[in-house]
Amino acid sequence: MNPPEVKGRVMAEAPEGCRIDIPGPFCLTIFGASGDLTRRRIIPAVYRLQRLGLLPEGFCVLGAARTGMDDRAFRELMREAVRAAAAEGFTDADWTGFAERLHYMQIDYDVTGTYRRLKRRLPALEKRHATGGNRIFYIATPPAVYETIIENLGRAGLSRSEVGYTHIVVEKPFGHDLESARRLNAGLGRYFEERQIYRMDHYLAKENVQNILIFRFANSIFEPLWNSRYIDHVQITVSETDGVGHRAGYYERAGVLRDMFQNHLLQLLALTAMEPPSVFEAERVRDERVKVFRSIRPLPLERLEEHLVIGQYGRGRINGLDVVGYREEPGVSPESLTPTFAALRLYIDNWRWHGVPFYLRSGKRLSAQKAEISIHFRPVPHLMFAEEMEERIEPNTLMLRVQPDEGIRLVIQTKNPGSRICLTPVLMDFSYRKALMMDAYERVLLDCMQGDQMLFVRADGVEESWALLTPILERLASVRPGVPNYEAGSTGPPEADALLQRDGRAWMPL
Ligand code: BG6
């Protein structure tokens, strides 16, 4: 039965002190400026920040990519991109003011001469737009050229600016395994200090993901229950209805464990499980997230199938439309073994979480688009209603909905009106008002401009998460899974259900 809903609401307007500070002036150079990420996420985010009045007077964007085009062509390309991404928020008047700040230069990532040209071009733009020498380099290219760009920026003397700051943003995937992540960190470390480096995980910047810590540590009523004494298990689900789309080139090499688990799902796990830091400050929060990774019990590789289920989608129906299987997607090998789904059981070996399983699942082409963390509390210790009740009492569940319809839901038991003792689960449902929300890319860009690294991943964090996954990935490379094993539009392979059923539990419905 679906519990009836009790709608919550935000009780007050944001207080004065919560207003967002406008950052100082800056020049944002985007490598990979003709690519998909720049068009879909980065430029629309900068545009929206300006519309919201959150950008300073002095700023400019320099797009850099292999494609040959001039400023005018780049502006036209971005105009279409912004129009598509921010349909209702697009006006010609806003665009004209914004477009004047967009510039472009063709760049060959591996030719050192182009970085010298970049070095000469930047001061002219900085003067024209009064950006105060503050520089952000955003690497949004295919990962194969990350190291080359970092090395060439460093060699050209672009890792420091004489006046102002220099920050470097590195998109995911950060490495392909532990060794490549270490190499990338070492390459960055040769020229940049850690305080200059912003490793992206856009999940950390989602409004309700940030709220996990506030919910846990700014309310006194939940934290005393947040441990193995009261919590039976935790589920973290990120399910997508989309397929691989046009990203087969990348995805074929990555698969769901690299694409979603190494970063997004493990970061969600870290925020759910971490200890309270002594202060709410970037380094202390990042320390605690890393400690969680260090406490995760490595999976027994010889019995991996008892803890991990992988899958790949076949044909099926999504939202009433027939869709092809993964192996039929453009650019995917017809014999591909790349997993598009994984479900995983992990344990965190510390006092707080002793014996509490964390079930993580993520997949493409599933029946629903959602990201949610659910905390499943233990049942009441003594069932005094046993005689009256025909069914067992459902234990309380707390759901932290990351998307869509961001909010918090708590399932509690209430008495049904009438003389018989009959319990009904009721949903206490709190929803964030959409209007207050900032998109994850807007948030991270703003934080990078303000020099706040809390929502970014530190070198040790990225290495610890790869240390956890790399042995699993290596082991999987030597097994030939029977895929495809789930239909597009379903909830994933049946083995994923069995993973929980064996423990006497069930997944939250998608
Ligand atoms: C990206 C992955 O990091 O996150 C994609 O590479 C995935 O495969 C995406 O679709 C999901 O992000 P969001 O914000 O749409 O949930």
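Relevant structure appears above.
A few points on the structure. (Residues numbered from 1 in each chain as written. Predicted model: local features only at pLDDT ≥ 70, side-chain atom pairs only at ≥ 80, totals over all residues. Heavy atoms only, no water.)

As a further point, take the overall build of the chain. The helix and strand inventory of the chain stands at twelve helices and 18 strands. Here the C-alpha radius of gyration of the chain, 24 Å, is about what a compact globule of 510 residues would show, namely 24 Å. Principal axes of the C-alpha set define a box for the chain whose edges measure 80 × 55 × 45 Å. Put simply, the chain has 510 residues, and 55% of those count as buried. A sequence separation of at least 24 residues applies to 78% of the contacts in the chain between residues at least 6 apart. Accessible area for the chain stands at about 23,300 Å²; split by element, carbon and sulfur atoms hold 53% of it. A distance of 3 Å separates the average location of the 66 positive side-chain charges in the chain from that of its 67 negative side-chain charges. (Helix = DSSP H or I, 4+ residues; strand = E, 2+ residues; numbered from the N terminus. Rg over C-alpha atoms; globule rule 2.2 N^0.38 Å. Buried < 20%, exposed > 50% of the residue type's maximum accessible area, 1.4 Å probe, protein only. Contact = heavy atoms within 4.5 Å. Areas by Shrake-Rupley, 256 points an atom, 1.4 Å probe, with all protein chains shown as cover. Lys, Arg positive; Asp, Glu negative; His and termini not counted. Charge placed at Lys NZ, Arg CZ, Asp CG, Glu CD.)

Quick look at the sheet that holds strand 7 (residues 197-199) now. If you trace the six strands from one edge of the open sheet to the other, you get 4-3-2-5-6-7, paired in parallel fashion. The strands lining the two open edges of the sheet, one partner per strand, are strand 4 (102-106) and strand 7. Taken pair by pair, the neighbouring strands of this sheet meet at an average axis angle of 20°, ignoring direction. Sheet topology places strand 3 (residues 59-65) next to strand 4; five bridges connect them, and they run parallel. By the bridge assignment for strand 4, G63 is matched with Y104. (Pairing = 2+ DSSP bridges. Axes fitted to C-alpha atoms, helices over the stretch in contact; angles between N-to-C directions.)

This next bit is on the environment of L499. Tracing the chain through its elements places L499 in helix 12 (residues 494-501). Here the alpha-carbon distance between L499 and V309, two residues 190 residues apart in the chain, equals 7.7 Å. Once residues lying within four places of it in the same chain are set aside, the contact partners of L499 are E306, H307, L308, V309, A343, L344 and R345.

This part is about the side chain of N185. Inspection of the secondary structure assignment puts N185 in helix 6 (residues 178-191). For N185, the contacting residues outside a window of four places in its chain are F174, R199, A459, V462 and E463.

Turning our attention to the site of the ligand. Around the ligand sit R41, K172, H202, Y203, K206, E240, R247, D259, M260, H264, K364 and Q403, and that is every residue in its neighbourhood. Here an oxygen atom of the ligand sits 2.6 Å away from a polar atom, N or O, in the side chain of K206. A distance of 2.7 Å is found between an oxygen atom of the ligand and a side-chain nitrogen or oxygen belonging to Q403. Across the complex, the protein chains shield 84% of the 390 Å² of accessible surface that the ligand would expose by itself. With three residues, helix 8 (residues 248-273) is the single largest residue contributor to the shell around the ligand. Class assignment of the residues belonging to the shell around the ligand gives a composition of two nonpolar, three polar and seven charged. (Near = heavy atom within 4 Å. Polar contact = N/O pair within 3.5 Å; in protein donor to acceptor, adjacent residues only side chain to side chain. Nonpolar A, V, L, I, M, F, W, Y, C, P; charged D, E, K, R; others polar.)

It is worth spelling out the pairing of strand 12 (residues 341-347) at this point. Along any regular strand, the residues point their side chains to alternate faces of the sheet. For strand 12, a buried count of seven out of seven residues is recorded, marking the element as mostly surrounded by other parts of the structure. On strand 12, burial covers both faces: F341, A343, R345 and Y347 on one face and A342, L344 and L346 on the other are all buried. One ladder, built from four bridges, connects strand 9 (residues 308-311) with strand 12; its direction is antiparallel. Bridged to L308 within strand 12 is L344. As paired strands, strand 12 and strand 13 (residues 357-363) are joined by seven bridges and run antiparallel to one another.

Right, let's get into the packing of helix 1 (residues 36-51) against helix 3 (residues 92-99). Put simply, helix 1 and helix 3 touch, their axes get as near as 11 Å, and they point 110° apart. By the angle class used here, helix 1 and helix 3 are roughly perpendicular. Helix-helix and strand crossings are classified by hand; for helix 1 and helix 3 the assignment is right-handed. Here I43, V46, Y47, Q50 and R51 of helix 1 come into contact with helix 3, specifically with D94, W95 and F98. For the contact of helix 1 with helix 3, the class distribution of residues is five nonpolar, one polar and two charged. (Parallel < 35°, antiparallel > 145°, perpendicular 65-115°, else oblique. Left-handed = near helix turned anticlockwise from the far one by under 90°.)

What the three strands build is an open sheet, ordered 11-10-18; its pairing is mixed. What marks the edges here is a single partner per strand, and that holds for strand 11 (321-323) and strand 18 (486-488). On average, adjacent strands in this sheet sit at an angle of 25° to one another, irrespective of strand direction. Sheet topology note: the strand 10 (residues 313-318)/strand 11 ladder contains three bridges and is antiparallel. Its bridge partner lying in strand 11, G316 is registered against V323.

With that out of the way, let us pick up helix 4 (residues 112-129). Turn by turn, an α-helix covers 3.6 residues, leaving residues three or four places apart pointing in a common direction. In this model, helix 4 (18 residues) spans 26 Å end to end at C-alpha, consistent with the 26 Å of a helix rising 1.5 Å per residue. Along helix 4, the positions that sit buried rather than exposed are T114, Y115, L118, L122, L125, E126 and H129. Where helix 4 ends, the next residue or the one after it, A130, has phi of about 50°, a positive value. (Expected span 1.5 Å × (residues − 1).)

Here R401 lies in strand 15 (residues 397-403). When the C-alpha atoms of R401 and D70 are compared, they prove to be 43 Å apart, with 331 residues separating the residues in sequence. When residues no more than four places from it in sequence are discounted, the contact partners of R401 are N208, A371, E372, E406, G407, I408, R409, D429 and F430.

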